[in-house]
Amino acid sequence: MLKQRIITALILLPIALCGFFLLKGAGFALFIGLVVSLGAWEWARLAGFTAQSFRVGFAAVVALMLFVMYVLPGLAPWVLGASVIWWAIATYLVLTYPRSSAHWSTAATKLLIGLLILLPAWQGLVQIKQYPLGNWLIMAVMVLVWGADIGAYFSGRKFGKRKLAPQVSPGKSWEGVYGGLALSLVITAIVGLVRDWTVAELLKGLIGAALIVFISVVGDLTESMFKRQSGIKDSSNLLPGHGGVLDRIDSLTAAIPVFAVLLWMAAP
């Protein structure tokens, strides 16, 4: 399994890096759209649909919606605003699972939630890419999420005692969350010092980083919640050794649109 994970990562990493940082405009939107459409194909299975025709159909609908969003950029604030509301609701649903499942157990509701997760993730990346330092900002949100994952892994293994959401993901602990948060804040502080941020800018950066870390945890737990409800271990087997696309981007689907909103709020 480890060998398979490494081989898959070595193949995917250069493709992902080239797609994220070399493509621009429509090419970038199309690249991210392909990833999101694959995620939609997987999400239909989490929603309870096993027929390939329906899963492909849902992915096609998502792709069409992405095209509409691309040609109508005025929809962006509404899409990202809906995402912020959704992730606030998702936090409550995760913390109160399995009791909360009564609110989203129908297939139609699950498909709607899939749209609220996938569409804003695409929109957020497209918006971030348009900033003068768009590539660096995309890297920043990824490093925050990856740093949180790494810090949570080692801190959780060493100190983990209090379960974060035992009904959703028994392996995660509050100590892991704190460790991930600490590492991400250290990374943010180092960047702030290197870039000579003012005290006010550093404070805003640390607060923003903390929000991104916490919401990325919610994104991870949300997919875990739907997989547990569906009795599915991985969203698919598209990525040998890694599971599916959603298994790799679950934290980012929450972090990216929230990060995009924070950037918009911080703009002069």
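Computed from a prediction, not measured in an experiment: that's the story for all the values here.

Chemist: I tried to follow the UniProt feature "transmembrane region" (unreviewed entry) in the chain on my own but got confused; where do I start?
Modeler: UniProt's entry tags residues 28-44, 56-72, 78-95, 107-124, 136-155, 176-194 and 206-226 with the feature "transmembrane region" (unreviewed entry), counted in the numbering of this structure. Split by type, residues 56-72 is 94% helix and 0% strand. Its first and last C-alpha atoms lie 24 Å apart. With 100% helix and 0% strand, residues 136-155 has end C-alpha atoms that lie 27 Å from one another.

Chemist: Explain empty space enclosed by the protein to me, please; I cannot follow it from the model alone.
Modeler: Left-over empty space is what a probe sized like a water molecule reveals as it rolls over the atoms. Considering all chains together, one arrives at 1 cavity of 30 Å³ or more under this definition. Its volume calculated, the largest cavity comes out at about 50 Å³. If you trace the largest cavity, you find it lined by Trp43, Trp87, Ile117, Gly219, Thr222, Glu223, Leu246, Asp250 and Thr253. When contributions to the lining of the largest cavity are tallied by element, the ones reaching two or more residues are α8 (199-230) and α9 (245-266). Residues that form the lining of the largest cavity fall into these classes: 4 nonpolar, 3 polar and 2 charged.

Chemist: I would appreciate a short explanation of the packing of aromatic side chains in the present structure.
Modeler: How two aromatic rings sit relative to each other is set out by the distance from centre to centre and by the angle between their planes. In this structure the tally under the stated criterion is 10 aromatic pairs. When the ring of phenylalanine 20 is compared with that of phenylalanine 31, the centres are 6.1 Å apart and the planes differ by 80°; the resulting orientation is edge-to-face. Taken together, the residues phenylalanine 20 in helix α1 (residues 2-21) and phenylalanine 31 in helix α2 (residues 25-46) connect sequence positions 11 residues apart. Overall, phenylalanine 20 belongs to the buried group, its relative accessible area being 14%.

Chemist: Is there a simple way to explain the pattern of salt bridges in this structure?
Modeler: Once their charged atoms are close, side chains differing in charge can pair, the charge on each being opposite to the other. A full pass over the atoms with the stated rule returns 4 salt bridges. Of the charged contacts, one joins glutamate 175 and arginine 162 as a salt bridge, the two residues approaching to 3.2 Å between their closest N and O atoms. Placement of the pair is glutamate 175 in helix α7 (residues 174-194) and arginine 162 in the loop between α6 (134-159) and β1 (163-165), with a sequence separation of 13 residues. Residue class for arginine 162 comes out partly exposed when judged on its relative accessible area of 45%. Notably, a salt bridge pairs lysine 172 with aspartate 220, separated by 3.5 Å at the nearest N-O pair. Residue lysine 172 is located in strand β2 (residues 169-173), and its partner aspartate 220 is located in helix α8; the two are separated by 48 residues in the primary sequence. Taking the relative accessible area as the measure of exposure, aspartate 220 reaches 15% and is therefore buried.

Rules used in this analysis
Residues numbered from 1 in each chain as written. Predicted model: local features only at pLDDT ≥ 70, side-chain atom pairs only at ≥ 80, totals over all residues. Heavy atoms only, no water. UniProt positions renumbered as here; feature names shortened; annotations may be inferred. Helix = DSSP H or I, 4+ residues; strand = E, 2+ residues; numbered from the N terminus. 1 Å grid on protein atoms, 1.4 Å probe; cavity = no way out; pocket = protein on both sides within 12 Å on 5 of 7 lines; lining within 4 Å. Points joined across faces, edges and corners; volume = space filled by probe spheres on them. Nonpolar A, V, L, I, M, F, W, Y, C, P; charged D, E, K, R; others polar. Phe/Tyr/Trp six-rings, centres within 6.5 Å; stacked < 30°, edge-to-face > 60°. Buried < 20%, exposed > 50% of the residue type's maximum accessible area, 1.4 Å probe, protein only. Salt bridge = Lys/Arg side-chain N within 4 Å of Asp/Glu carboxyl O.

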